[in-house]
Amino acid sequence: MYDVFISYRRDGGFEMARLLYDHLKGIGLNPFFDLEKLCSGQFNEKLYREIEDSANFLLVLPPKSLERCKNENDWVRLEIEHAIKEDKNIVPVMMNGFEWPEDLPSSLQKLPYYNAVKMSREYFDASISRLLTMLNGIEFKDGILVKSSSAQDKRTQNKYFAFEDKKEKRRLKIQQNLMREFDLSVYEGVKEHYESLCILDVGSNNGDFVMDRIANCDKLDKLIGLEYDGKSVQAANEKYGLENKIAFYEIDLEDEDFSDKLEEIVEGQNVKKFNVINISMVLLHLKSPYKLLKTLRKFLTDDGTVIVKDIDDGLNLAYPDEQGEFARVVGICRKNDTSGFRESGRQILTVLNRSGYKKVKLEKQCLSTVGMNFEQRSALFDTYFSFVLEDLKIMRDRYPDDKRILADYEWYTKSYDDLEEKFQDDAFFFSLGFMIFTAKKI
């Protein structure tokens, strides 16, 4: 099993590929680097197996390195296609002078949308540091490299919430109330911009959030909510549904026919387009936010606004934390299948731009304990730390033989009350990486 497969083109890419190989090898990783490219005239199909056995796929890109990919039998093209097929964590390594060609083959069209790193000899140390943060299964603790194959370091489709989960419903209610002061000004600003509101709410849950933030006003002309959990949809319609005005629908955002189903819903509600699309804490649970955002843009008016709230645990801060206890909780959250992609927030600006949106603006970043009273601190602790504990219980039941999960669960249950007591200290600072973006269609 390899940590990294290094794909390169001999012309212009060999030296950088070798430099990467030597550095990764030197810090304790197990990279695959095919020297046979230098002397072989035919593609070695054994490379497919090496790609399959690698956690990450580094693609070294010197200038014009993808031009030959027009040829269906090109080595580099074959490697990339197989990495895409195997859903590998692909990291393009862009050397000085490289530009994405406009005429990539259809099989490589998604390549420019992977998170890339710019690499040069002049800034090699800084570039390699960023590269290491993008690799799956790789972590640094106190400057020491730690391999962790169980880390949730890439996007997967994650449907966690269930209406019957009373603890999760309670937590979401607490979170909604706590976040109101943090995000209300964003929704009020959007509301004031329009004379009437035609809203599409993506990930409505039971409808409480969208009704509280923006829809419960005289300006509302139409609200359509989308939610995958059928019982939540039923509850939302029973509580808020109004004929020809407010309706919630059960739908899977990542279904292949999502666009067609949404078109049917829109036509059935006599809606042409929406001037507000709200997407709150949804994208971190999706495998392909780009695909969803690109689809939704078609349903937005030319002067429409999309609001995206998401989270990035890379922005979480805890101080003092001499024993690393709070950092450990954040690390546990990142590894849990049910937690979603916990570095989603940093990708939102990029994916919005790539999906065709304009005037992307970061409206809010990070909810912190500064200025919070006892009740607010309790709510923030409950919002984040209780959900991690509940997720650990799910993971423990799902993977009963996983010693890492069992050890984390045992430690967390013993430490939970002590962590909460430390959290209530006025001298303790905690920041949670919520992020809110707005963007326009044009």
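Just so it is clear, the structure is predicted and the values come from calculations on it, not from any experiment. (Residues numbered from 1 in each chain as written. Predicted model: local features only at pLDDT ≥ 70, side-chain atom pairs only at ≥ 80, totals over all residues. Heavy atoms only, no water.)

Draft legend 1. The arrangement of the overall build of the protein in detail. Of the regular secondary structure elements, the protein holds 13 helices and 15 strands. Within the protein, the proportion of its 442 residues that are buried is 53%. Long-range pairs, those at least 24 residues apart, make up 78% of the contacts in the protein between residues at least 6 apart in sequence. In the structure as shown, the protein presents an accessible area of about 21400 Å², 47% of it carried by carbon and sulfur atoms. (Helix = DSSP H or I, 4+ residues; strand = E, 2+ residues; numbered from the N terminus. Buried < 20%, exposed > 50% of the residue type's maximum accessible area, 1.4 Å probe, protein only. Contact = heavy atoms within 4.5 Å. Areas by Shrake-Rupley, 256 points an atom, 1.4 Å probe, with all protein chains shown as cover.)

Draft legend 2. Broad picture of helix 3 (residues 75-85). Most of helix 3 sits inside the fold, with 8 of its 11 residues counted as buried. For helix 3, the full list of buried residues reads Val76, Arg77, Leu78, Glu79, Ile80, His82, Ala83 and Ile84. With a side-chain oxygen lying 3.2 Å from the backbone nitrogen of Val76, the N-terminal cap of helix 3 falls on Asp74. Phi turns positive one or two residues past the end of helix 3, at Asp87, with a value near 55°. (Polar contact = N/O pair within 3.5 Å; in protein donor to acceptor, adjacent residues only side chain to side chain.)

Draft legend 3. Representation of a negative patch on the surface within the structure. Residues Asp260, Glu263, Glu264 and Glu267 make up a contiguous surface patch of negative charge. Here Glu267 shows up in helix 8 (residues 258-268). (Patch = residues over 30% accessible without salt bridge, like charges linked within 9 Å, V, L, I, M, F, W, Y side chains within 5 Å. Salt bridge = Lys/Arg side-chain N within 4 Å of Asp/Glu carboxyl O. Lys, Arg positive; Asp, Glu negative; His and termini not counted. Charge placed at Lys NZ, Arg CZ, Asp CG, Glu CD.)

Draft legend 4. Layout of the side chain of Lys191. Its location among the elements puts Lys191 in helix 5 (residues 166-193). Owing to a relative accessible area of 13%, Lys191 belongs among the buried residues under this scheme.

Draft legend 5. Seen up close, the side chain of Asn56. With respect to the secondary-structure elements, Asn56 resides in strand 3 (residues 54-61). At a separation of 2.8 Å, a polar atom in the side chain of Asn56 contacts the main-chain carbonyl oxygen of Asp3. There is a polar contact of 2.7 Å between the side chain of Asn56 and the backbone nitrogen of Asn136. Every residue in contact with Asn56, bar those within four places of it in the chain, is listed here: Asp3, Val4, Phe5, Asn89, Met134, Leu135 and Asn136.

Draft legend 6. Expanded view of the packing of aromatic side chains. In total, this model carries 25 aromatic pairs according to the counting rule given. Centre to centre, the rings of Phe14 and Phe33 are 5.9 Å apart; their planes meet at 35°, and the pair counts as tilted. In this pair, Phe14 sits in helix 1 (residues 10-26) while Phe33 sits in strand 2 (residues 31-33), placing the two residues 19 residues apart along the sequence. Looking at Phe14, the relative accessible area reads 24%, which means it is partly exposed. Here the aromatic residues Phe326, Phe381, Tyr384, Phe385, Phe387, Trp411, Tyr412, Tyr416, Phe423, Phe428 and Phe430 are joined through ring pairs into a cluster of three or more. One Lys or Arg, Arg328, reaches over the ring of Trp411 and ends 4.3 Å from the middle of that ring. (Phe/Tyr/Trp six-rings, centres within 6.5 Å; stacked < 30°, edge-to-face > 60°. Lys NZ or Arg CZ within 6 Å of the ring centre and 35° of its normal.)

Draft legend 7. Expanded view of the pairing of strand 11 (residues 274-280). For strand 11, the buried fraction is high: 7 of the 7 residues fall into the buried class. Here strand 8 (residues 197-202) runs beside strand 11; their pairing, made up of 4 bridges, is parallel. Its bridge partner being in strand 11, Asp201 is matched across the sheet by Asn278. Sheet analysis places strand 11 next to strand 12 (residues 300-311), joined by 6 bridges and oriented parallel. Paired with Ile279 across the bridge in strand 12 is Val308. Taken together, strand 11, helix 9 (residues 289-297) and strand 12 constitute a β-α-β crossover, and its handedness is right-handed. (Pairing = 2+ DSSP bridges. Right-handed = clockwise from strand over helix to strand, strands pointing away.)

Draft legend 8. A look at the pattern of salt bridges. Per the counting criterion, the structure on display carries 27 salt bridges. With a shortest N-O distance of 2.6 Å, Lys422 and Glu325 are connected by a salt bridge. Here Glu325 lies in helix 10 (residues 325-335) and Lys422 lies in helix 13 (residues 403-423), a separation of 97 residues in the sequence. For Lys422, a relative accessible area of 33% corresponds to the partly exposed category. Put simply, Arg180, Asp183, Asp212, Arg213 and Lys309 are held in one network by salt bridges that share partners.

Draft legend 9. Fine view of the nonpolar core. Counting 56 residues, the largest nonpolar core has Ile199, Leu223, Tyr384, Phe385 and Tyr412 as the members making the most contacts within it. With 10 residues, helix 12 (residues 374-398) is the largest single contributor of residues to this core. Beyond its immediate stretch of four places on either side in the chain, Leu223 contacts Ile199, Asp201, Val210, Met211, Ala215, Lys245, Ile246, Ala247 and Phe248. Core analysis: the next-biggest nonpolar cluster, separate from the first, contains 32 residues, Leu253, Ile277, Val282 and Met435 among them. (Core = buried A, V, L, I, M, F, W, Y, C linked by side-chain atoms within 4.5 Å.)

Draft legend 10. Representation of helix 9 within the structure. Buried within helix 9 are the following residues: Pro289, Leu292, Leu293, Thr295 and Leu296. Considered in projection along helix 9, the buried side chains sweep an arc of 160° and stay on one side of the axis. Considering only its buried residues, helix 9 is in contact with strand 8, helix 8, strand 11, strand 12 and helix 11 (348-354). (Arc of directions from axis to C-beta.)

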